[in-house]
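Coordinates in review
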Amino acid sequence: MINHTRIVRIEDYEELVGAETVERIIRKASSLRDLHVVNVNSTYYGGGVAELLGSMSILMNSVGIKTGWRVIQGSPDFFSITKKMHNALQGGEINLTERKKEIYEEVVYENVIRTHLDHDLVIIHDPQPLPMINHYRKRGPWIWRGHVDLSRPNPELWQYFRPMVEKYDAVIFSIKEYAQELKTPQLFFMPAIDPFSIKNHRLSEEEIDERLSHYNIPTDLPLVVQVSRFDVWKDPQGVVEAFKIARQEVDCTLVLLGNVATDDPEGPEVYASLLDSQEERLIILSVQDTALVNALQSRAAVVLQKSLREGFGLTVTEAMWKGTPVIGGNVGGIRYQIRDGVNGFLVNTVEEAAARIVQVVKGKALRQRLGEAARETVRQNFLLSRNLEQYLDLFSSFET
Ligand code: UDP
């Protein structure tokens, strides 16, 4: 018989956020008991949305909300189009032909036919399943949750999306900067992490050593780490450049750990291009091992998240929770997590990133100070209990 003690319940958060908060959440949930909610997105693994949905759907069930999670399916050309849309929402260019719209809408319609959404509340995540709302008779509110960096969406694409977005009863973005001109009410919920998951729970030094040695990662020198999907927005090339400059002043090892989400066809190409960069003490790994992510974020002298655009950046939160200082790109949601010089550093260029790597790797006391502040920032602001409470408040607002 399997022991299900790993299944996280809201009560587990008491030691981190206090009994009062947990009781308040349980009270709020009790008036919503048996509400039937479904989330729809486009990948079951890889990237922050899958990460969030995995933990949040379990936690919501623990407070009595019957919460499901469905993943839409699509052909490679569908995901190639939706990835272009994703890039354009973050400010890139797109050649939005009628044929592309047709494929996009047709595949979504196929998913509509085989996905029966007759729930009390439907939450659609990101642009891939956005048009599903065109085909259902709504039984309750529909919410669109956009996770990407929407500070400068491509105007042509946004014009195409906007009428669909406005069919929703509410829209949730990660931060205020992503607000759009919309008839629909907009809310801002920053994502959060599950501190009890394999990715985020505390590992012993032996467990960390075991994971690192399993992948032949040397620990003789300080580790500089970036964990990210292989995606140009994460600027892995910039990380390698910054590392090369930093290594002229401080000896260290760079580990780039990445994966490819099932809805991201550009990943393999980005990975392949990185393999061209030959550099001593540079390790590029493409494996999916959650405990390895934890081990690297825990052991690193410094974690980088040198993104050029970033909806929120759960990898930043994850590393901060482990008391590891993060050097993050000065963009999007990263700016809401890192306070420059207080709990990490924000950087605008490769050169700035290099200088901060040198400073943090050399400064033991600095690492300690930033790391402690980082963990406390996450405890106060970025644990899933907070995100759950925001959802409960939103659900209740529909009830009244
Ligand atoms: N991740 C992972 N393995 C990898 C790369 C990323 O498990 O090799 C996880 C990472 O730990 C985080 C999520 O994928 O939980 C990435 O979320 P984030 O918000 O940072 O970026 P996104 O991929 O959604 O743009």
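Scroll up to find the structure.
All figures in this text were calculated on a predicted structure; none of them were measured in a lab.

A few words now on the overall build of the protein. Summing up its helical and strand segments, the protein has 14 helices and 12 strands in all. Here the C-alpha atoms of the protein give a radius of gyration of 21 Å, agreeing with the 21 Å that 2.2 N^0.38 yields for 400 residues. For the protein, the C-alpha atoms occupy an extent of roughly 60 × 55 × 45 Å along the three principal directions. Counting every position in the protein, which comprises 400 residues, the buried fraction comes to 57%. In the protein, once contacts between residues fewer than 6 apart in sequence are set aside, the share between residues at least 24 apart is 72%. Taken as a whole, the protein presents about 17200 Å² of accessible surface, with 49% of it coming from carbon and sulfur. The centroid of the 45 positive side-chain charges in the protein is displaced by 3 Å from the centroid of its 54 negative side-chain charges.

Glancing now at a negative patch on the surface. A contiguous patch of negative charge, built from Glu-14, Glu-15, Glu-20 and Glu-23, is present on the exposed surface. Mapped onto the elements, Glu-20 comes out in helix 2 (residues 19-30).

Our next topic: the site of the ligand. Taken together, 18 residues surround the ligand, and among them Gly-48, Lys-199, Arg-229, Lys-234 and Glu-318 come closest. Side-chain polar atom of Lys-234 to an oxygen atom of the ligand: 2.7 Å apart, as the coordinates give it. Here the ligand, which alone exposes 540 Å², has 91% of that area covered by the protein. Broken down by secondary-structure element, the contributors of at least two residues to the shell around the ligand are helix 3 (48-62), strand 8 (253-258) and helix 11 (314-321). With 3 residues, helix 11 is the largest single contributor of residues to the shell around the ligand. Its residues assigned to classes, the shell around the ligand comprises 4 nonpolar, 8 polar and 6 charged.

All right, on to the packing of aromatic side chains then. One pass over the full model with this rule turns up 14 aromatic pairs. Measuring from ring centre to ring centre gives 5.9 Å for Tyr-391 and Phe-395, while their planes differ by 45°; the resulting arrangement is tilted. Here Tyr-391 and its partner Phe-395 are both found in helix 14 (residues 384-399), 4 residues apart, which amounts to about one turn of the helix. Classification of Phe-395 as buried rests on a relative accessible area of 0%. Pairwise contacts between aromatic rings join Phe-78, Phe-79, Tyr-104, Tyr-160 and Phe-161 into one cluster.

Spanning 12 residues, helix 2 covers 16 Å between terminal C-alpha atoms, matching the ideal 16 Å at 1.5 Å per step. Those residues of helix 2 that sit buried are Thr-21, Val-22, Ile-25 and Ala-29. When helix 2 is viewed along its axis, its buried side chains cluster within an angular range of 95° and face the same direction. Exposed side of helix 2, more than 90 degrees from the buried face: Glu-20 and Arg-27 are the residues found there. On the buried face of helix 2, the contacting elements are helix 1 (14-17) and helix 14.

All right, on to the nonpolar core then. Membership of the largest hydrophobic core comes to 62 residues, with the highest contact counts inside it found for Ile-217, Leu-296, Leu-388 and Phe-395. For this core, the leading source of residues is helix 14, giving 6 residues. Those residues in contact with Leu-296 that sit more than four places away from it in its chain are Leu-212, Ile-217, Leu-223, Val-225, Val-255 and Leu-257. Of all hydrophobic cores here, the second largest spans 39 residues; its members include Val-108, Val-112, Tyr-136 and Val-171.

Given a rise of 1.5 Å per residue, 18 residues ought to cover 26 Å, and the 26 Å separating the end C-alpha atoms of helix 13 (residues 364-381) matches this to within 8%. Every buried residue belonging to helix 13 is among Leu-366, Leu-370, Gly-371, Ala-374, Thr-377 and Val-378, and all of these are buried. Viewed along the axis of helix 13, the buried residues span an arc of 125°, placing them on a single side of the element. In helix 13, the exposed positions angled more than 90 degrees off the buried face are occupied by Lys-364, Ala-365, Glu-372 and Gln-380. Of the surrounding elements, those touching the buried residues of helix 13 are helix 11, strand 12 (344-347) and helix 12 (350-362).

It is worth spelling out the pattern of salt bridges at this point. Across all of its chains, the model carries 26 salt bridges by this definition. Asp-289 is the salt-bridge partner of Arg-211, the closest N and O atoms lying 2.7 Å from each other. Of the two residues, Arg-211 is situated in helix 7 (residues 205-214) and Asp-289 in the loop between strand 9 (282-286) and helix 10 (290-299); the sequence distance between them amounts to 78 residues. With its nearest N and O atoms 3.9 Å apart, the salt bridge here joins Arg-247 to Glu-279. Of this pair, Arg-247 sits in the loop between helix 8 (236-246) and strand 8 while Glu-279 sits in the loop between helix 9 (267-274) and strand 9; the two residues are 32 residues apart in sequence, bridging distant segments of the chain. Given a relative accessible area of 25%, Glu-279 falls into the partly exposed group.

As a further point, take the sheet that holds strand 9. In spatial order, the strands read 9-8-7-10-11-12; together these 6 strands make up an open sheet with parallel pairing. Both outer strands of the open sheet, strand 9 and strand 12, are each paired with one neighbouring strand and no more. Adjacent strand axes in the sheet meet at a mean angle of 20° when their direction is disregarded. Lying over the sheet, helix 10 contacts strand 7 (223-227), strand 8, strand 9 and strand 10 (302-305), oriented at roughly 135° with respect to strand 7.

Running from amino to carboxyl end, helix 3 crosses helix 14 at an angle of 65°, the nearest separation of the two axes being 11 Å. Where helix 3 crosses over helix 14, the handedness of that crossing is right-handed. Contacts between helix 3 and helix 14 involve Leu-52, Ser-55, Met-56, Leu-59 and Met-60 from the former and Leu-384, Ser-385, Asn-387, Leu-388, Tyr-391 and Phe-395 from the latter. Tallied by class, residues from the contact of helix 3 with helix 14 come to 8 nonpolar, 3 polar and no charged.

Basis of the calculations
Residues numbered from 1 in each chain as written. Predicted model: local features only at pLDDT ≥ 70, side-chain atom pairs only at ≥ 80, totals over all residues. Heavy atoms only, no water. Helix = DSSP H or I, 4+ residues; strand = E, 2+ residues; numbered from the N terminus. Rg over C-alpha atoms; globule rule 2.2 N^0.38 Å. Buried < 20%, exposed > 50% of the residue type's maximum accessible area, 1.4 Å probe, protein only. Contact = heavy atoms within 4.5 Å. Areas by Shrake-Rupley, 256 points an atom, 1.4 Å probe, with all protein chains shown as cover. Lys, Arg positive; Asp, Glu negative; His and termini not counted. Charge placed at Lys NZ, Arg CZ, Asp CG, Glu CD. Patch = residues over 30% accessible without salt bridge, like charges linked within 9 Å, V, L, I, M, F, W, Y side chains within 5 Å. Salt bridge = Lys/Arg side-chain N within 4 Å of Asp/Glu carboxyl O. Near = heavy atom within 4 Å. Polar contact = N/O pair within 3.5 Å; in protein donor to acceptor, adjacent residues only side chain to side chain. Nonpolar A, V, L, I, M, F, W, Y, C, P; charged D, E, K, R; others polar. Phe/Tyr/Trp six-rings, centres within 6.5 Å; stacked < 30°, edge-to-face > 60°. Expected span 1.5 Å × (residues − 1). Arc of directions from axis to C-beta. Core = buried A, V, L, I, M, F, W, Y, C linked by side-chain atoms within 4.5 Å. Pairing = 2+ DSSP bridges. Axes fitted to C-alpha atoms, helices over the stretch in contact; angles between N-to-C directions. Left-handed = near helix turned anticlockwise from the far one by under 90°.

These figures come from the coordinates and say nothing about function on their own.
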